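Here is what each chain is made of, one letter per residue.
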Amino acid sequence: MNYIDRRHPSVSSRIIPVQPFDYVVFGATGDLTRRKLIPALYYRFKDGQFDDQSRIIGVSRTKWDDAEFQKVARGAITEFVEPEYQDNKTIGRFVSIFSYVANDVSDEKNWNDLKNNLRTDPKIVRAFYLAVAPDLFGPICQYLAKKDYYRRDARVVIEKPLGRDLGSSMEINDAVARIFREDQVYRIDHYLGKETVQNLLALRFANILFEPIWNSAHIDHIQLTVAESVGAGTRGYYDESGALRDMIQNHMLQLLCLVAMEPPASDDADALRDEKLKVLRSLKPIGGADVARTTVRGQYRGVTSETASVKSYQDELPDDKKGSRTETFVALKAEIENWRWSGVPFYLRTGKRMATRVSEIVIQFRNIPHSIFDHAEGAPKPNRLIIRLQPDEGVKMLMMIKDPGPGGMRLREVPLNLSFAQTFSERTPEAYERLLLDVIRGNQTLFMRRDELEAAWSWIDPIRQAWDAAPDAPQPYSAGTWGPTGAIALIERDGRTWHEDGH
Ligand code: BG6
């Protein structure tokens, strides 16, 4: 039952240009710039959301010049932009707004060079994107102030890892806050920029249907899954982090907040972030003995079959990291202690080298209070709402219907399926396209506020501490599966099962 309607132009086809800007990207030679930032900005440029009155200024230690940076930008577009969006004329105009400053952050004299690239017209928005290690945030912010590059309306963009725990996260925030005020700081969690994640807000707050039943009276439990099929061991950073810090502390808790929060009074940034913060502060602490009962961590093992061979996490690691106890999988049961969600568990799971790549939120409703279908074949099953974030974005409602045909009442579960790919013909924008320009618009709605970040760490830290103190290593699971058996036991102990897409 696919509902297809291409009559309505989507909102994304209406492009509202932003003010001209100077975007200064520290760490311009890094992977994030090449893979994400440049392609995202190109798409927005191509759509006419900004033009050659804006500037993108790369800063990094490597001794490049403007031409070299422009060449890298061209390469990034060829590699990461969909071929039908690449056209030489636009690419030429786009890269002409790129310039480069070779600057060793710790060397004071280099800092003067940035002056020639930054325009002083107050109407030109000034943004600093710090795509560098967090220990450089403090020194960069200090220099920006000292060299008069700081402006009261300038924006600074930072991205994870924003700490390893509450203490280190506070240090990072303090270092930035010595120069920039909170309303100038844009903390990226790229999940919030995903179209389907924003759609959660539309689903909940632009429809009358769900809100009256969005509570413990009608919902049995909620599942959040972010499964990836890729491995992790070759990424140096990952072994220092692990799945709890890499995915749960940020992306998955943000998703949980959007699902669980009270309706904000408006779409004002702080109205929304206040509600998310309340959810984080209502999370039942998990610590000490509870950790073994309500959390599971795993690490993937390699598999070899006739057709393929996948290395274990351990085998991917360099020699000096062998024996690592870093988790590549986490499942846990979270509870929110407030009126709306009392008694409704939220089961979260995320992992690398899982059976498939899928991110979804499953809302499992309660069963009907009384069935009139005593003589029907097939008992009514409780409704289930599945919000698929990626891939195959869409929303599915599993409903009971009468199986068509004569011969009495047979009940059957079928999906009411809203597939975004089939409904809309436009390309789904990447998260960074939205987020990078929200910085220019001065809209902080989709960025994490400091108190949210710190509330998330406060909840995560006791779990991490209990794991670090536990004698046991993460449970092994075979690459290409749904994680260790403990994750299945975690939910089955409560008489429930993980959602498997049979539709
Ligand atoms: C990043 C994590 O934040 O998110 C990665 O560091 C992870 O480990 C990635 O692979 C997942 O993002 P996406 O957009 O591919 O779901």
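What counts and what doesn't
- Just so you know, the residues in each chain are numbered from 1, in the order the chain's sequence is written.
- In keeping with the model being predicted, local features are shown solely for residues with a pLDDT of at least 70 and side-chain atom pairs are shown and tallied solely at 80 or more, while totals for entire chains, interfaces and linings include all residues.
- Remark: hydrogens and water are excluded; side-chain values derive from all non-hydrogen atoms of the structure.
- Comment: elements are numbered from the N terminus, with helices defined as DSSP H or I runs of at least four residues and strands as E runs of at least two.
- Proximity criterion: a residue is near a molecule or strand once any of its heavy atoms comes within 4 Å of it.
- Polar contacts, as used here, are pairs of N or O atoms within 3.5 Å; protein pairs need one atom able to donate a hydrogen and one able to accept it. Residues neighboring in sequence count only if both atoms are side-chain atoms.
- Only the protein chains shown count as cover for residues, and the accessible areas themselves come from Shrake-Rupley with a 1.4 Å probe.
- In this count, Pro and Cys sit with the nonpolar residues alongside Ala, Val, Leu, Ile, Met, Phe, Trp and Tyr, while Asp, Glu, Lys and Arg are called charged and the others, Gly among them, polar.
- Pairing between strands is defined by DSSP: at least two bridges between the two strands are required.
- Any two residues whose heavy atoms approach within 4.5 Å at even a single point are treated as in contact.
- The axes used here are C-alpha line fits, helices contributing only the stretch in contact, and every angle between their N-to-C directions lies in the interval 0 to 180 degrees.
- Salt bridges are counted wherever a side-chain nitrogen of Lys or Arg sits within 4 Å of a carboxyl oxygen of Asp or Glu.
- To sort residues, take the accessible area from a 1.4 Å probe on protein chains only and compare it with the maximum for the residue type: under 20% means buried, over 50% means exposed, and anything in between is partly exposed.
- These descriptions rest on fixed angle ranges, namely under 35 degrees for roughly parallel, over 145 for roughly antiparallel, 65 to 115 for roughly perpendicular, and the rest for oblique.
- The definition of a nonpolar core used throughout is a set of buried Ala, Val, Leu, Ile, Met, Phe, Trp, Tyr and Cys residues joined through side-chain atoms within 4.5 Å.

Draft legend 1. Broad picture of unusual backbone geometry. The amide bond that connects Lys160 to the next residue, Pro161, takes the cis arrangement and shows omega of 5 degrees. Turning to its location among the elements, Pro161 is positioned in the loop between β5 (155-159) and α5 (166-177). A cis geometry characterises the amide bond from Gln390 onward to Pro391, with omega recorded as -20 degrees. Mapped onto the elements of the fold, Pro391 is located in the loop between β14 (384-390) and β15 (394-402).

Draft legend 2. The site of the ligand, seen in detail. In the neighbourhood of the ligand, the contacting residues comprise Lys160, His190, Tyr191, Lys194, Glu228, Arg235, Asp246, Met247, His251, Lys352 and Gln390. In this structure, Gln390 approaches the ligand through a side-chain N or O atom, which is 2.7 Å from an oxygen atom. For the ligand, whose unbound accessible area comes to 390 Å², protein coverage reaches 80%. Broken down by element, the shell around the ligand gets its largest block of residues, three residues, from helix α7 (residues 236-260). Taken together, the residues of the shell around the ligand sort by class into two nonpolar, three polar and six charged.

Draft legend 3. Geometry of the sheet that holds strand β6 (residues 185-188). Pairing within the open sheet is mixed, and its seven strands lie in the order β3-β2-β1-β4-β5-β6-β17. This sheet does not close on itself; its edge strands, each paired only once, are β3 (98-102) and β17 (447-448). The pairing of β5 with β6 spans four bridges and is parallel. From the neighbouring strand, Val157 faces β6, where its bridge partner is Tyr186. Against the sheet, helix α4 (residues 137-146) makes contact with β1 (21-26), β4 (125-130) and β5, and its axis sits at roughly 155 degrees relative to β4, the strand it touches most.

Draft legend 4. Representation of the pattern of salt bridges in the model. Counted under the stated rule, the structure contains 43 salt bridges. Ionic pairing is found between Glu79 and Arg34, a salt bridge with its closest N-O pair at 2.9 Å. Here Arg34 lies in helix α1 (residues 31-46) and Glu79 lies in helix α2 (residues 66-80), a separation of 45 residues in the sequence. Here Glu335 makes a salt bridge to Lys284, at a shortest N to O gap of 3.8 Å. Remark: Lys284 occurs in the loop between α8 (269-282) and α9 (290-294) and Glu335 occurs in the loop between β11 (329-334) and β12 (346-351); sequence separation between them is 51 residues. Exposure remark for Glu335: the relative accessible area of 27% places this residue in the partly exposed category. For Lys284, a relative accessible area of 32% puts it in the partly exposed group.

Draft legend 5. Looking closely at the packing of α4 against α5. Running from N to C, α4 and α5 cross one another at 5 degrees; their axes reach a closest spacing of 8 Å. Between α4 and α5, the angle is such that the two are roughly parallel. Of the residues in α5, those in contact with Phe137, Gly138 and Cys141 of α4 are Ile172, Ala175 and Val176. Residue composition of the contact of α4 with α5, by class: five nonpolar, one polar and no charged.

Draft legend 6. Structural detail: the nonpolar core. Judged by nonpolar contacts, the single largest core of 140 residues is most densely connected at Phe94, Phe128 and Phe346. Ranked by residues supplied to this core, first place goes to α7 with 13 residues. In contact with Phe128, not counting residues within four places along its chain, are Val24, Phe26, Leu118, Leu144, Tyr149, Ala154, Arg155, Val156, Val157 and Phe180.

Draft legend 7. Just the environment of Thr225, in detail. Along the chain, Thr225 turns up in strand β7 (residues 219-227). The exposure class of Thr225 is buried, given its relative accessible area of 5%. Placed 83 residues apart in sequence, Thr225 and Ala308 show a C-alpha to C-alpha distance of 26 Å. Apart from the residues within four sequence positions on either side, Thr225 is in contact with Met252, Arg349, Val358, Ser359, Glu360, Trp482 and Trp498. Within the structure, Thr225 has its side chain in polar contact with the side chain of Arg349 (distance 2.9 Å).

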